[in-house]
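If you want the building blocks of each chain, they are given just below.
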Amino acid sequence: MSDVGPTSDLRRTTLRCPFDNSYARLPDRFYARRDPTPVAEPRLVRLNVALAERLGLDPAALASPEGIAILAGNRVPEGAAPLALAYAGHQFGHFSPQLGDGRAILLGEIVAPDGARFDIQLKGSGPTPFSRNGDGRAALGPVLREYLISEAMAAFGIPTTRSLAAVTTGETVRRETRLPGAVLTRIATSHIRVGTFQYFAARGDTEAVRVLADHAIARHYPDAAAATQPYRTLLDGVVARQADLVARWLLVGFIHGVMNTDNTAVSGETIDYGPCAFMDAYDPATVFSSIDDYSRYAYGNQPGIAHWNLVRLAEALLPLLGADEASALAAAEAALGAFGPRFEAAWIGGLRHKIGLANEREGDGALVQGLLEAMKANGADFTLTFRRLCEAAAGSAGDAGVRALFADGTAYDSWAAGWRHRLQDEPAEPAVRAAAMRAVNPAVIPRNHRVEAALAAAVEHQDFGPFDALLDAVSRPFEDRPGLERYTEPPGPEERVCQTFCGT
Ligand code: AMP
Ligand code: MG
């Protein structure tokens, strides 16, 4: 689909962005050309200066009136080729052949000083041909939530889209009530989704599937281009990155909340932060999303769902995977079969590091499972248990802190006895081991009660202080910083958040 929106030359500006828009050079049916819709009164809430510098953009220029106008969609920078991407997707298991960017516009791709290519996308920038009944806008709360959580994930070292800026629009959006509107500037290595492949596969457009696969290979899996079976190698690559990604999520207690195939990036980055949340007390059945009635996307279901989404990708790629149906199916099955072992290795390996085991020994899997079972049975806080284990690893004086997190402290005692026995097999000095553990077990996560409080202050009182403070806390999650203890503590009974909302 191609649709040329109203582009006035007056709205083009001169702020220097090194655009090179490879997606805009793909065939017309991959997108609809459309400029952002201007807003009444843009105001910068937050600019990610470090990210701007990493991208080779001038933070001062971005924070100038001209820059803010760009971040709000009121001006289009020179060299941009604004468009809304076409995609499809399985949402909660049901296929929608046409979704697409209904409230987002890709301004274009910039090439950073180190040669890395990034999409710059405005989210909440007005209607597109894919908006269906939506208004194309975003409310301030969800914009700030995505900003906070994506930046926290980046600080954990987990592949993710980033947030360059948030601006308020001076307009309201109608949801259940009228809410302040906002635009998020999102940075991603691309916005190619499993659902993008499904869009063309559902139309029987094998040529487009091939063009998209070649594009994805060039951007994300360049080694596949020279492989004997480039498309099989592409699928292998996506399977591996998704397996690693979901393991990383589980290792910090992250629940994406809307793992639809349109929210699954082929790059292996976490994308589309909606009703996402971090778990406090460990329980694999944890769900926060108000729209996830059947707990499809519960914490512990995420590996299985990632695999399910990859099966959908394999189906879309099938015509490219073999000379005939039988060989294509065999290739798809072999590629998908790698997911389970890859995920297990990343998950168990990550847990081993979380409990201070650098070497691999038989029985390590059972040891970490034993800890998780004791945590679940005793309502232990996921993040604090592992963080306090760092102290316990330095010496048994640290045991009391961990023990206190378990309803029945003896459950910890009996697990810790086995753990200490196993630690004797590790060469590192206790202090060195504790330091290594602190580098993988965050002290600070964006806890739901803190996130909700920060969003409420911003939305209800235009007070961005709590948002700024929380963002600062989650930006250095592995440090114990005096004065930030309130961000490390789980919610009290009256503070507990039971549901999170998409807010679209
Ligand atoms: P998401 O919940 O972000 O994964 O979005 C699912 C689909 O709904 C995507 O195609 C979005 O572009 C579209 N969508 C969500 N919110 C809006 C909105 N306010 N206006 C138009 N389209 C929307
Ligand atoms: Mg989405």
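It should be emphasised that the depicted structure is a prediction, and the values quoted were computed from it without experimental measurement.

Engineer: What am I meant to see in the overall build of the protein here?
Structural biologist: A tally of regular secondary structure across the protein gives 17 helices and 14 strands. Across its three principal directions, the C-alpha atoms of the protein cover 70 × 60 × 45 Å. Excluding contacts between residues fewer than 6 apart, the proportion of contacts in the protein whose partners are at least 24 apart in sequence is 72%. A total of about 19500 Å² of accessible surface is found on the protein, and carbon and sulfur atoms cover 53% of it.

Engineer: Sorry, what's going on with the coordination of the magnesium ion (ligand 2) here?
Structural biologist: Six octahedral donors at a metal ideally form angles of 90 or 180 degrees, and four tetrahedral donors ideally form angles of 109.5 degrees. Those protein atoms acting as donors to the magnesium ion (ligand 2) are Asn263 (OD1) and Asp272 (OD), and they sit at 1.9 to 2.2 Å. The same class applies to Asn263 as to Asp272, namely buried.

Engineer: Sorry if this is basic, but what is going on with the packing of aromatic side chains here?
Structural biologist: In this description, a pair of aromatic rings is defined by centroid distance and the angle of the planes. Within this structure, the stated rule accounts for 20 aromatic pairs. Judged by centre distance (5.2 Å) and plane angle (70°), the ring pair of Phe382 and Phe386 falls under edge-to-face. Of this pair, Phe382 and Phe386 both sit in helix α12 (residues 382-394), four residues apart, which is roughly one turn of that helix. Residue class for Phe382 comes out buried when judged on its relative accessible area of 1%. In this structure Phe386 comes out as buried when scored by relative accessible area, which is 1%. Here the aromatic rings of Phe406 and Tyr412 are separated by 5.7 Å at their centres, their planes lie at 40°, and the arrangement is tilted. With respect to class, Phe406 is no different from Tyr412; both count as buried. Ring pairs connect the aromatic residues Phe156, Trp249, Phe254, Tyr273, Phe278 and Phe478, which therefore count as one cluster. Over the ring of Phe386 we find Lys354, and its NZ or CZ is 4.7 Å from the ring centre. Across the ring face of Tyr487, the terminal group of Arg486 is positioned such that the distance to the ring centre comes to 5.2 Å.

Engineer: Would you mind showing me how to read the pairing of strand β9 (residues 117-123) here?
Structural biologist: Residues in a regular strand point their side chains to alternate faces of the sheet. A large share of β9 lies buried, amounting to six of its seven residues. Counted between consecutive antiparallel strands, the loop separating strand β8 (residues 104-111) from β9 contains five residues, among which Gly115 sits at a positive phi close to 90°.

Engineer: What is the right way to look at the side chain of Ser150 in this model?
Structural biologist: Its location among the elements puts Ser150 in helix α4 (residues 140-156). The exposure class of Ser150 is buried, given its relative accessible area of 0%. Reaching out from Ser150, the side chain makes a polar contact with the backbone oxygen of Tyr147 at a distance of 3.3 Å. Ser150 has contacts with Thr160, Thr161, Arg162, Ser163 and Tyr273, leaving out every residue within four places of it along the chain.

Engineer: Looking at this structure, I do not really get the site of ligand 1. What am I missing?
Structural biologist: In the region of ligand 1, 18 residues are neighbours, and Gly100, Gly102, Arg103, Arg132 and Gly136 sit closest. Between Arg103 and ligand 1, the recorded distance is 2.6 Å, taken from a side-chain N or O atom to an oxygen atom. Here Gly136 contributes a backbone N or O atom positioned 2.9 Å from a nitrogen atom of ligand 1. Here the residues of the shell around ligand 1 sort into two nonpolar, eight polar and eight charged. Residue assignment places the shell around ligand 1 across two domains, with domain 1 (2-191) and domain 2 (195-347) each supplying three or more.

Engineer: For this particular structure, what's the right way to read helix α16 (residues 448-461)?
Structural biologist: Within an α-helix, residues lying three or four positions from one another point in the same direction, as the helix has 3.6 residues per turn. With 14 residues, α16 ought to run about 20 Å at 1.5 Å a step, and its terminal C-alpha atoms sit 19 Å apart, in line with that. Restricting attention to buried positions, one finds in α16 the residues Asn448, His449, Arg450, Val451, Ala454, Leu455, Ala457, Ala458 and Val459. Following α16 by one or two positions, Gln462 adopts a phi angle in the positive range, close to 50°.

Engineer: I would appreciate a short explanation of the side chain of Ser131 in the present structure.
Structural biologist: When you line up the elements, Ser131 lands in the loop between β9 and β10 (138-139). Among the residues examined, Ser131 registers a relative accessible area of 9% and is labelled buried. Separated by 2.7 Å, the side chain of Ser131 and the backbone nitrogen of Thr128 make a polar contact. Leave out the neighbours within four places in its chain, and Ser131 touches Gly102 and Gly136.

Engineer: Explain the domain arrangement of the protein here, please?
Structural biologist: The extent of an interface is frequently quoted as the accessible surface area lost upon association of the parts. Domain boundaries assigned for the protein yield domain 1 (2-191), domain 2 (195-347) and domain 3 (355-504). Computed over C-alpha atoms, the centres of domain 1 and domain 2 are 23 Å apart. Facing the 38 residues of domain 1 at the interface are 41 residues of domain 2. Buried surface at the junction of domain 1 and domain 2, both sides included, amounts to about 3300 Å², of which 59% is carbon and sulfur.

Engineer: What's the story with unusual backbone geometry in this structure? I'm lost.
Structural biologist: Most peptide bonds adopt trans geometry, and most residues besides glycine take a negative phi value. One non-glycine residue with positive phi stands out, namely Ser295, at about 55°. If you trace the backbone, Ser295 turns up in the loop between β14 (277-278) and α8 (302-321). The residue Gln462 is not glycine, and still its phi comes out positive at about 50°. Here Gln462 is to be found in the loop between α16 and α17 (465-475). On the basis of relative accessible area, Gln462 is assigned to the exposed category, the value being 54%.

Reading the values: rules and limits
- Residues numbered from 1 in each chain as written.
- Chains lettered and ligands numbered in written order.
- Predicted model: local features only at pLDDT ≥ 70, side-chain atom pairs only at ≥ 80, totals over all residues.
- Heavy atoms only, no water.
- Helix = DSSP H or I, 4+ residues; strand = E, 2+ residues; numbered from the N terminus.
- Contact = heavy atoms within 4.5 Å.
- Areas by Shrake-Rupley, 256 points an atom, 1.4 Å probe, with all protein chains shown as cover.
- Donors = N, O, S within 2.8 Å, 3.2 Å for Na, K, Ca; no water.
- Buried < 20%, exposed > 50% of the residue type's maximum accessible area, 1.4 Å probe, protein only.
- Phe/Tyr/Trp six-rings, centres within 6.5 Å; stacked < 30°, edge-to-face > 60°.
- Lys NZ or Arg CZ within 6 Å of the ring centre and 35° of its normal.
- Pairing = 2+ DSSP bridges.
- Polar contact = N/O pair within 3.5 Å; in protein donor to acceptor, adjacent residues only side chain to side chain.
- Near = heavy atom within 4 Å.
- Nonpolar A, V, L, I, M, F, W, Y, C, P; charged D, E, K, R; others polar.
- Domains from an automatic or database assignment.
- Expected span 1.5 Å × (residues − 1).
- Buried area = accessible area lost by both parts, 1.4 Å probe.

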